Amino acid sequence: MRTGLRGWMERHPRWVDAFIAGAILAASLASVPATPEGQGISVGPPTPESVVLLVIGCGALLWRRTHPTAVWLVSLAATLAPLLTGSVGRGLPATVAALYALAAYGTRRLAVIGAVVTMLSALVLVGRANVLSAADPVSYAVVAWCGMAAALGDAVRSNRAVLAAAIDRARRAEASRDEEAQRRVAEERLRISRDLHDVVAHHIAVVNVQAGVAEHLAGSDPERAVEAIRQVRAASSRALAEMGGLVGLLRTTGDGPDLEPAPGPGDLPRLVDGLREAGETVTWRHSGPDLDVAPAAELHLYRVVQEALTNAARHGTGAIELVTRQEPDHLEVEVSNRVSPTPSGDAAPDGQADDGGGTGHGLIGMRERVALVGGELEAGPTPGGRFTVRVRLPSGVPPHDEPSAGATPPGEHMTGPVTA
């Protein structure tokens, strides 16, 4: 908000208009209309009728901002009325001020019409009253004042419109920045929540399996039970480390310590080995060149495979089959195993195979990840009582390029046969 005199004027526009009206009234009463010699018109003190008309014309200026057209008409009528009787009018300054307000607070069309009507009316009635001739310099002054008032009012209105448009654009830009910031925060929260879900679900599944093994072997094979407990400790340590890295993203600034690189295709063998160490049987079959996806999809590939393997270990039975097929323009991944039967003997529902408790957050997160990089995901029961997750992600290597060497050859980490 502005301060000083200008700020006070913006906060009290009616007082400003009252001051302008009073100044014009005082100046009009104190002035002596110019008349040429030989006209025989008295230029003495104003008559009571002319004073009343002058007060009306000036008083109307109090509403010049809200009703510019009506104020102009009243001021023009109060100025021209004395000329109909052949007397000298004193309301031209009020009419000029009303014409300025018509241009400043109305439209350009109204300003042009008002200026033309004021000029013609004044000249015609002045001539009829034999006060001035059409060639008198004062007649030109009337035309000039009317034109200047309309032009100045139109310039002020245009400048006000430009300023208002600039302020509106600034507000829209500020709102857009706020919306963009909120959108980015929401996306980052969603990304971190997905990563936390994947990390916790995977490592807790490993801990759960190893804890069950330790409990089962505690009495019959203490050494293997101790080894299972070591696996529990290792899995929980990895979970804490990854969770700490994710939470650290919320606190890290540009000058903070470097974080470990995000996992990608080259970390899939370690992921599979971790499940095998936890006691799961995982068969990985790969065909085609080395694993390769678009750079933006590398982390999503790792997390999707991690979530699919974790759900298979938690909710399925028997060996887990991981199949990867590297095509020239995309990578296909398939994870499947038999679904744990329900007490009635039927296969578990889709939600159970997706995430613990039937909430389905794991499958939802996988779909979101794949959709972000332009991939496709299918998940559901397949013949033979199995549950299968199929993922298709765009490749990062054109067909004529050499295969990427970023991932360790899957064949070195498989328990099943490799198909070329």
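A brief look at the structure comes next. Since we're looking at a predicted model, the values are computed, not measured. (Residues numbered from 1 in each chain as written. Predicted model: local features only at pLDDT ≥ 70, side-chain atom pairs only at ≥ 80, totals over all residues. Heavy atoms only, no water.)

The next subject is the overall build of the chain. Along its length, the chain carries twelve helices and five strands. Sequence-distant contacts, at least 24 apart, represent 69% of the contacts inside the chain between residues at least 6 apart. Carbon and sulfur atoms provide 61% of the accessible area of the chain, an area that totals close to 23200 Å². (Helix = DSSP H or I, 4+ residues; strand = E, 2+ residues; numbered from the N terminus. Contact = heavy atoms within 4.5 Å. Areas by Shrake-Rupley, 256 points an atom, 1.4 Å probe, with all protein chains shown as cover.)

Here the structure, examined in full by the defined rule, presents 14 salt bridges. With a shortest N-O distance of 3.0 Å, R65 and D17 are connected by a salt bridge. Here R65, found in the loop between α3 (48–59) and α4 (68–84), pairs with D17, found in helix α2 (residues 13–30); they are 48 residues apart in sequence, far enough to count as distant. A residue is classified by how much of its surface remains accessible, and R65, at 29% relative accessible area, is partly exposed. Judged by its relative accessible area of 2%, D17 is buried. Here R108 ties to D154 by a salt bridge, and the two come within 2.9 Å at their closest N and O atoms. Of the two residues, R108 sits in helix α6 (residues 108–128) while D154 sits in helix α7 (residues 137–217), which places them 46 residues apart along the sequence. Among the residues examined, R108 registers a relative accessible area of 48% and is labelled partly exposed. The class of D154 is buried, set by a relative accessible area of 15%. One connected set of salt bridges, linked through shared partners, spans D17, R64 and R65. (Salt bridge = Lys/Arg side-chain N within 4 Å of Asp/Glu carboxyl O. Buried < 20%, exposed > 50% of the residue type's maximum accessible area, 1.4 Å probe, protein only.)

Let's shift gears to the sheet that holds strand β4 (residues 376–382). Taken in spatial order, the five strands make up an open sheet running β1-β2-β3-β5-β4, and their pairing is mixed. Each having just a single partner strand, β1 (282–287) and β4 make up the two edges of the open sheet. Strand-to-strand twist in this sheet, taken as the mean axis angle between neighbours without regard to direction, amounts to 10°. Sheet topology places β1 next to strand β2 (residues 316–326); six bridges connect them, and they run parallel. Residue pairing for β2: R285 is matched across the bridge by V323. On top of the sheet, helix α10 (residues 298–315) reaches β2, β3 (330–339), β4 and β5 (386–394); it is set at about 160° to β2, its chief contact. (Pairing = 2+ DSSP bridges. Axes fitted to C-alpha atoms, helices over the stretch in contact; angles between N-to-C directions.)

With that out of the way, let us pick up α2. The terminal C-alpha atoms of α2 lie 26 Å apart, and with 18 residues this matches the ideal 26 Å at 1.5 Å per residue to within 8%. Among all positions of α2, only V16, D17, A21, I24 and S28 are buried. Across the axial projection of α2, the buried residues extend over an arc of 135°, all falling on one side. More than 90 degrees from the buried face of α2, the exposed residues found are W15, F19 and A30. Contacts made by the buried residues of α2 are with α1 (4–11), α3 and α5 (92–105). (Expected span 1.5 Å × (residues − 1). Arc of directions from axis to C-beta.)

A cluster of nonpolar residues, L5, W8, M9 and W15, forms a patch on the protein surface that exposes about 490 Å² of accessible area. Looking at the nonpolar patch, the element that brings in the most residues is α1, giving three residues. A relative accessible area of 37% means that W8 is categorised as partly exposed. (Patch = residues over 30% accessible without salt bridge, like charges linked within 9 Å, V, L, I, M, F, W, Y side chains within 5 Å.)

At their nearest, the axes of helix α9 (residues 268–277) and α10 sit 10 Å apart, and the two run at 15° to each other. Considering their axes alone, α9 and α10 lie roughly parallel with respect to each other. Two packed elements cross with a definite hand, and for α9 against α10 that hand is right-handed. Touching L268, R270, L271, V272 and L275 of α9 are L301, Y302, V305, Q306 and L309, all from α10. Classifying every residue of the contact of α9 with α10 gives eight nonpolar, one polar and one charged. (Parallel < 35°, antiparallel > 145°, perpendicular 65-115°, else oblique. Left-handed = near helix turned anticlockwise from the far one by under 90°. Nonpolar A, V, L, I, M, F, W, Y, C, P; charged D, E, K, R; others polar.)

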